[in-house]
Amino acid sequence: MISRRDVLIGGSCLVAAGAAYALEPRGRLSLLKGVKLADIVPINIGEWSAENSDSLIEPSEDSLAATLYSEIVGRIYHHPTGTGVMMLAAYGDTQSDLLQLHRPESCYPAVGFKLVSTKVATLRVTKGVTVPTREVVVTAPGRQESIVYWTRIGEYLPATGGEQRDARLRTAMAGYVPDGILMRFSAVGENSEQIFKLLAGFIPQVIQAVPRQYRKALIGTALAAAMPA
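Figured I'd write up the structure that's included with this text. The model shown is predicted, which means the values in this text are computed figures rather than measured ones. (Residues numbered from 1 in each chain as written. Predicted model: local features only at pLDDT ≥ 70, side-chain atom pairs only at ≥ 80, totals over all residues. Heavy atoms only, no water.)

1. With respect to the overall build of the protein chain
Within the protein chain, the secondary structure is distributed over eight helices and 10 strands. Looking at the protein chain residue by residue over its 229 residues, the buried ones come to 43%. Considering only intrachain contacts with a sequence separation of at least 6, the fraction spanning at least 24 residues in the protein chain is 67%. Approximately 11900 Å² of the protein chain is accessible, and the part contributed by carbon and sulfur atoms is 55%. (Helix = DSSP H or I, 4+ residues; strand = E, 2+ residues; numbered from the N terminus. Buried < 20%, exposed > 50% of the residue type's maximum accessible area, 1.4 Å probe, protein only. Contact = heavy atoms within 4.5 Å. Areas by Shrake-Rupley, 256 points an atom, 1.4 Å probe, with all protein chains shown as cover.)

2. Description of the packing of aromatic side chains
A complete count under the given rule lists five aromatic pairs for this structure. Taking the centre distance of 5.1 Å and the plane angle of 80° together, the rings of Y108 and F113 count as edge-to-face. The two residues Y108 and F113 agree in class, both being buried. Ring-pair connections join several aromatic residues into one group, and the members of that group are W48, Y77, W150, F185 and F202. (Phe/Tyr/Trp six-rings, centres within 6.5 Å; stacked < 30°, edge-to-face > 60°.)

3. Comments concerning the sheet that holds strand β5 (residues 84-92)
As summarised here, the arrangement of the eight strands in space is β2-β3-β4-β5-β10-β8-β7-β6, forming an open sheet in which the pairing is antiparallel. What marks the edges here is a single partner per strand, and that holds for β2 (44-45) and β6 (114-126). By the bridge criterion, two bridges tie β2 to strand β3 (residues 48-52) in an arrangement that is antiparallel. Residue pairing across strands places I45 opposite W48, the latter belonging to β3. (Pairing = 2+ DSSP bridges.)

4. Thoughts on the pattern of salt bridges
A side chain of one charge can pair with a side chain of the opposite charge if their charged atoms are brought near each other. The tally for this structure, following the rule as stated, stands at four salt bridges. Of the charged contacts, one joins R134 and E105 as a salt bridge, the two residues approaching to 2.9 Å between their closest N and O atoms. With R134 in strand β7 (residues 129-140) and E105 in helix α4 (residues 104-110), this pair connects stretches of sequence that are 29 residues apart. Summarising the burial analysis for this pair, R134 and E105 share the class buried. (Salt bridge = Lys/Arg side-chain N within 4 Å of Asp/Glu carboxyl O.)

5. Brief notes about the environment of T118
One can find T118 in strand β6. On a C-alpha basis, the gap between T118 and E105 in space is 7.8 Å, while along the polypeptide they are 13 residues apart. Each residue touching T118, except ones within four places of it in the same chain, is listed here: E105, R134, E135 and V136. At 3.0 Å, the side chain of T118 and the side chain of E105 are in polar contact. (Polar contact = N/O pair within 3.5 Å; in protein donor to acceptor, adjacent residues only side chain to side chain.)

6. Some thoughts on helix α5 (residues 161-173)
Taking 1.5 Å per residue, 13 residues should reach 18 Å; α5 reaches 19 Å between its end C-alpha atoms and fits that length. Looking one or two residues past α5, G175 carries a phi angle of roughly 90°, positive in sign. (Expected span 1.5 Å × (residues − 1).)

7. Some details on the environment of P204
Here P204 shows up in helix α6 (residues 192-209). Residue P204 is classed as buried on the basis of its relative accessible area, which comes to 8%. Sequence separation of P204 and V125 is 79 residues, and the distance between their C-alpha atoms is 4.7 Å. With sequence-adjacent residues up to four places away left out, P204 is seen in contact with L123, R124, V125 and L199.

Worth remembering: the numbers are spatial, not functional.
This is how it looks when you write it as structure tokens:
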């Protein structure tokens with residue numbers, strides 16, 4: 001004879017099995033297919049020109065974070081006036097609970113920087129198109145760096161660690177393993193307000209310079225489609 005306790009246990013097992021099935025990935029969601037980041041982000045953008053650089057702050061080779069990236073592009077863009085902007089684009093073709101995009105609030109302190117401030121912000125790309133970002137200021141002896149960055153996980157643009165976890169869960173519930181990207185821009189100097197203004201003018205030029213069909217890899221399908229050709 002089946003007892004009430006057996007029924008409850010069996011029901012719980014079915015719920016658990018159903019939840020496990022719902023979270024089991026059954027496909028992949030990749031917004032960057034068959035191309036390399038280094039090929040779609042131009043070297044020359046307006047009056048700016050870039051050189052590749054391997055000296056930017058990035059995940060160390062022996063860290064778990066480093067294993068998630070399929071491609072890392074580090075560049076320093078120079079303007080004729082002498083202004084320089086550093087760009088780090090890190091792409092991972094798999095985002096899961098074990099592997100997640102490495103946010104600068106963790107990356108910089110890990111190599112000796114002090115986190116001065118971090119806040120949610122928005123970046124205007126074109127009329128009607130804004131990207132949720134974070135503005136971060138870090139310092140080290142003799143150096144202050146102001147950073148604007150955002151992350152994309154699948155079709156989500158999480159601005160916080162909590163939103164990033166939610167994005168992974170939602171995509172898992174939809175049955176997909178998503179790809180992801182970290183786009184980070186920064187400059188060195190003591191006047192953070194001035195640097196953030198500089199970056200707010202430069203970053204949209206970068207996004208607009210990417211061929212239309214590949215912009216979704218940076219900012220998601222919906223925002224990319226809302227941009228003019």
